[in-house]
Amino acid sequence: MDSEESRALVQQLVASCYDPLFRYALRLGGSVPAAEDLVQETFLVALERVGQLHEPDRALGWLKTTLRNLFLAGLRRRRRESTEAEPELLAVAARDEVDRAGLLDLPEALNRLSPEFRAVVLMFYGEGASYREIADALELPQGTVMSRLARARSALRDWLEPETRAVTNS
Amino acid sequence: MNCGDVRLWLASRPSVADDDAGGVAGEVRREAERHLAWCGDCRDEAARLRDFEVRLKDRLVTWLATDELPHAVAESAGAKARLLSLLESVPMDSAMAAVPSTADSQGRAVLPPSRPATATRSRRVVRRLAIWSIAALVLVGLGTFLLMSRPVRLDRTEVELASLGQAALLREGAAIVPGAWPASLDRRLLRGAVPAVVEVRGRLVEVIQFAFRRRSGVVQGRLLIIPVASLVDRPSGTVYLSGGLRYVDRFAATWWVEGQFAYACCLTTAEEEAFRSLQPRRLAT
């Protein structure tokens, strides 16, 4: 496949796969800008590697895997570059919010978590990954994965089902 | 161990449904289990937590499989067009050969102007006229705004966060001040790039999106341009890369001031070599 054929193929993939890929990115990234960036980066990587795509029928799965790897690489890079020992539980946009009363729906609650915590929840509960698999993917100690999972679950319980917490405290 | 200790222990376990939670000291675990054997309240709490986890898992699996996000996808329509334009502009092998060998030795190929093969000269002229007209309108609008409105000074982080989010792009093909590009950044990088404008708390920020190749792959970047008077925390650097790197979301950024404008160059990599490769050749040597 020559270069222009690669470009044409990736442009076709944008036409056929952009929307489902964007939906996937939105769930991982938590916001429209983050999702747009992830999808854009994914297609730019695809432009480099589209020659490796031997089964066009599986293009969406291949793109999703690429996108997920980019998302995880971004988390690893953030961790290496961060001066903080442990990332914040709350996403940047949620930190200035007044503590919200009432129920949140699942996407709202997940989006309140910072990407580091949201990724652990999505991988453990959504994809059925083990602590070890998550630790390997994020290059974190297994204990850190477990502690993030516990903190995230506790916060999600407060936001999704506060009534069960009220029973606990009574 | 009392009830409070056991509730804390339960909450600290990564998954209540996981019998082998690991990481919990054996003695603490045995004490908690002894407590749970006789305390009905704590057993109920453990059951509620387990039930919550089951529901959370079910909801997440269902949500991940759901294929409905029409509003967000609609918001992203502009991004799709920008992506197609960016893909069109990335040089492929033949274009790479045209890049000067000095650029290759730095592991970089600067993007040529975006020129769809089918575009006719007259269409390009019309498009350029349109871009300059919009730019002029924006310039007039900005001047009016600066004169008439109460000055708002922006924090650099809020500028970065707003500008790096593509959804915030207001106008494609617009520039605050056409040609207000920094001298200490390789201008070839910006050749053919289409500027856009975002609004941050009433202030306009110009954003130029670009991409370039390195041996490790394609790097995305954005150049932010903002009148220096708009910033509350003026950058100390006076040339590109003189102010160190900041990290914002998925980007690393360096800020500096040249003349009346503050600039931020943001890349999706923190490799210093990638940043250095964007210096004009005379500065890089």
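Residues numbered from 1 in each chain as written. Chains lettered and ligands numbered in written order. Predicted model: local features only at pLDDT ≥ 70, side-chain atom pairs only at ≥ 80, totals over all residues. Heavy atoms only, no water.

## Let's talk about the packing of helix α6 (residues 115–126) of chain A against helix α3 (residues 40–65) of chain B
At a closest axis distance of 9 Å, the pairing of α6(A) and α3(B) adopts a crossing angle of 95 degrees. It follows from the interaxial angle that α6(A) and α3(B) lie roughly perpendicular. Contact with α6(A), carried on its side by A:Val121, A:Leu122, A:Tyr125 and A:Gly126, involves B:Glu53, B:Leu56, B:Lys57, B:Leu60, B:Val61, B:Trp63 and B:Leu64 of α3(B) and no other residues of that element. Each residue belonging to the contact of α6(A) with α3(B) can be placed in one class, and the counts come to 8 nonpolar, 1 polar and 2 charged. (Axes fitted to C-alpha atoms, helices over the stretch in contact; angles between N-to-C directions. Helix = DSSP H or I, 4+ residues; strand = E, 2+ residues; numbered from the N terminus. Parallel < 35°, antiparallel > 145°, perpendicular 65-115°, else oblique. Contact = heavy atoms within 4.5 Å. Nonpolar A, V, L, I, M, F, W, Y, C, P; charged D, E, K, R; others polar.)

## Considerations on the pattern of salt bridges
Per the stated rule, a full pass over the model turns up 11 salt bridges over all chains. Here A:Arg153 ties to B:Glu53 by a salt bridge, and the two come within 3.7 Å at their closest N and O atoms. Separated into two different chains, A:Arg153 in helix α8 (residues 142–160) and B:Glu53 in helix α3 make up a pair that spans both. You'll find A:Arg153 and B:Glu53 in the same group, each marked buried. Among the ionic pairs, B:Arg156 bridges to B:Asp233, the shortest N-O distance being 3.5 Å. Here the residue B:Arg156 occupies a position in helix α9 (residues 156–164), and B:Asp233 occupies one in the loop between β4 (217–227) and β5 (246–248), the gap between them amounting to 77 residues. On the accessibility criterion, B:Arg156 (14% relative accessible area) is buried. The class of B:Asp233 is partly exposed, set by a relative accessible area of 22%. Connected through shared salt-bridge partners, A:Arg157, B:Glu45 and B:Arg48 make up one network. (Salt bridge = Lys/Arg side-chain N within 4 Å of Asp/Glu carboxyl O. Buried < 20%, exposed > 50% of the residue type's maximum accessible area, 1.4 Å probe, protein only.)

## Overview of helix α1 (residues 3–29) of chain A
All names here are of chain A. Its 27 residues give α1 an end-to-end C-alpha distance of only 31 Å, which falls more than 12% under 39 Å, the value for a rise of 1.5 Å per residue. The sharpest bend along α1 measures roughly 65 degrees and falls at Cys 17, with the proline Pro 20 sitting one to four residues further on. The positive-phi residue at the C-terminal boundary of α1 is Gly 30, with phi of around 85 degrees. (Expected span 1.5 Å × (residues − 1). Bend = angle between axes of the 7 residues up to and from the residue.)

Any functional reading would require information that these geometric values do not contain.
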